[in-house]
Amino acid sequence: MIIQAIALLDTLDKDINTFVMRVREWYSWHFPELVKIVNDNYQYARLALVIKDKSSLTEEQLPAMAEIVGEEAKAKEILDAARSSMGQDISPIDLLNIEVFAQRVIKLAEYRQKLHTYLLDKMHAVAPNLSALIGEVVGARLISHAGSLTNLAKYPASTVQILGAEKALFRALKTRGNTPKYGLIFHSSFIGRAKQRNKGRISRYLANKCSIASRIDCFMDASTNVFGEKMREQVEERLRFYEEGVAPRKNSNVMGEAMEVLKTQLVTEEKGDGADKKKKKDKKDKRKRDDEEPAELIPAAEDGGKKAKKKVAAAEEPVVEDGVKKEKKKRKVKE
């Protein structure tokens, strides 16, 4: 599910950008000044729906435009630009086509946002430690490139480091040049914050932690992001060590802290589960006690003892039959 979601997310990004550029070019024939005022693609498509024909734009539409752009001053600027615009007039049928296309683009952009939320939830469920360490989107790209979380867990840290830069690696090996320092993990915020001389070192350290996090997510029974959070702190400390020279904590101490936090969480969960089970058991026992009544009381409560007589008669009949059968057997034996 994660592989499909991240692939669809990339496709949607490309398509939405292409479609918004088409809306911009199409509507700019009518209102060219709007492109310079509004840079955001999503806002531009929504404004095209609100403004429609620039000649009919009035101050009544200012609140709607201010809600989209987030500023009263910018909405006023759009209104002034519409009054002095140099764009050509547009026919109703052309404007209708632009509106329909802009609506489609807006719906695609909203669906893209929902898909992104779905991917975040899925990553938190499947790979919580990797998500906490490197981010949901970068973690999903690593899983997608490896083929599965199990495959990613089997890779050594050196492979994780250059995952996504295979072409550059083989070209460097062929030409005997410098091999790449990072692949997909370059999109992580840690490498962007590091100085140029430290980028290789921090990418190697980050790949090491990503490899550990993926193995924990793959093979651990309990779902927790404690180790990912602690390893993120370690990467932050290592980054500070490269920049300022502040010594980081030892790995054994950090992992010991993570284990203590995990034990506390497990104990809390067990107590909660035990309380729930006890409540369920008490309810079950109470239901059994209510259902189980003495056999003597049941006939007395039903139709003045008629059923009790029937039961007694039914109980006595087999005994008589057994007695007759025994007498017959005795006679046969005597004969």
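The residue count restarts for each chain, going from 1 along the sequence in the order it is written. Since the coordinates come from a predicted model, pLDDT governs what is reported: local features require at least 70, and pairs of side-chain atoms require 80 or more to be given and counted, while whole-chain, interface and lining totals use all residues. Values reported for side chains reflect all heavy atoms of the structure, with hydrogen atoms and water molecules removed beforehand.

Naming follows an unreviewed UniProt entry, where the chain appears as Nucleolar protein 56 of Volvox reticuliferus. Entered under Subcellular location (unreviewed entry) in the UniProt record, the comment concerning the chain runs "Nucleus, Nucleolus". UniProt positions are given in the numbering used here, feature names are shortened, and annotations may be inferred rather than shown by experiment. Its UniProt record gives the chain a comment under Sequence similarities (unreviewed entry), which states: "Belongs to the NOP5/NOP56 family."

J.: If you had to explain the overall build of the chain to someone new, which residues and values would you point to?
T.: Summing up its helical and strand segments, the chain has 17 helices and 0 strands in all. In this scheme, a residue with accessible area under 20% of its type's maximum is buried, one over 50% is exposed, and one in between is partly exposed, where area comes from a 1.4 Å probe on protein chains only. For the chain, the residues scored as buried account for 34% of the 335 residues in total. Any two residues having at least one pair of non-hydrogen atoms within 4.5 Å are treated as being in contact. Long-range contacts, defined here as pairs at least 24 residues apart, represent 60% of the contacts in the chain between residues at least 6 apart. Only runs of H or I of at least four residues qualify as helices and only runs of E of at least two qualify as strands under DSSP, and these elements are numbered from the N terminus.

J.: Tell me what's going on with the pattern of salt bridges, and back it up with residues and numbers.
T.: Basic side-chain nitrogens of Lys or Arg form a salt bridge, by our definition, when they fall within 4 Å of a carboxyl oxygen of Asp or Glu. Evaluated as defined, the whole model comprises 10 salt bridges. For the salt bridge of D13 with R112, the shortest nitrogen-to-oxygen distance reads 2.7 Å. With D13 in helix α1 (residues 2–28) and R112 in helix α6 (residues 92–126), the pair connects residues that are 99 residues apart, well separated along the chain. Exposure remark for R112: the relative accessible area of 21% places this residue in the partly exposed category. Here E237 ties to R249 by a salt bridge, and the two come within 2.8 Å at their closest N and O atoms. Linking E237 in helix α14 (residues 226–244) with R249 in the loop between α14 and α15 (251–291), this pair joins segments that are 12 residues apart in sequence. Given a relative accessible area of 12%, E237 falls into the buried group. One network of salt bridges, with partners in common, ties together K230, E233, E237, R249 and E257.

J.: Provide a residue-level description of the environment of V100, including the pertinent values.
T.: Position of V100 relative to the elements: it lies in helix α6. V100 gets classed as partly exposed once you look at its relative accessible area, which sits at 42%. For the pair V100 and L49, spaced 51 residues apart in sequence, the C-alpha to C-alpha distance is 8.9 Å.

J.: Explain the side chain of S131 to me, and be specific about the residues and the numbers.
T.: Secondary-structure assignment places S131 in helix α7 (residues 128–134). Using a relative accessible area of 4% as the deciding quantity, one classes S131 as buried. Contacts of S131, omitting those with residues within four sequence positions, involve M123, H124 and E136.

J.: Talk me through the packing of α6 against helix α8 (residues 136–146); I want residue IDs and the actual numbers.
T.: To define axes, lines are fitted to C-alpha atoms, for helices over the stretch in contact only, and angles between the resulting N-to-C directions are given on a 0 to 180 degree scale. Relative to each other, α6 and α8 sit at 70 degrees, their axes nearing to 10 Å. Judged by the angle between their axes, α6 and α8 are roughly perpendicular. In this structure, α6 uses H116, L119, L120, M123 and H124 to contact α8, whose residues at the interface are E136, V137, G139, A140 and I143. Each residue gets one of three labels, nonpolar for Ala, Val, Leu, Ile, Met, Phe, Trp, Tyr, Cys and Pro, charged for Asp, Glu, Lys and Arg, and polar for the others, Gly among them. The residue inventory of the contact of α6 with α8, partitioned by class, reads 6 nonpolar, 3 polar and 1 charged. Note on terminology: angles under 35 degrees are roughly parallel, angles over 145 are roughly antiparallel, angles of 65 to 115 are roughly perpendicular, and the others are oblique.

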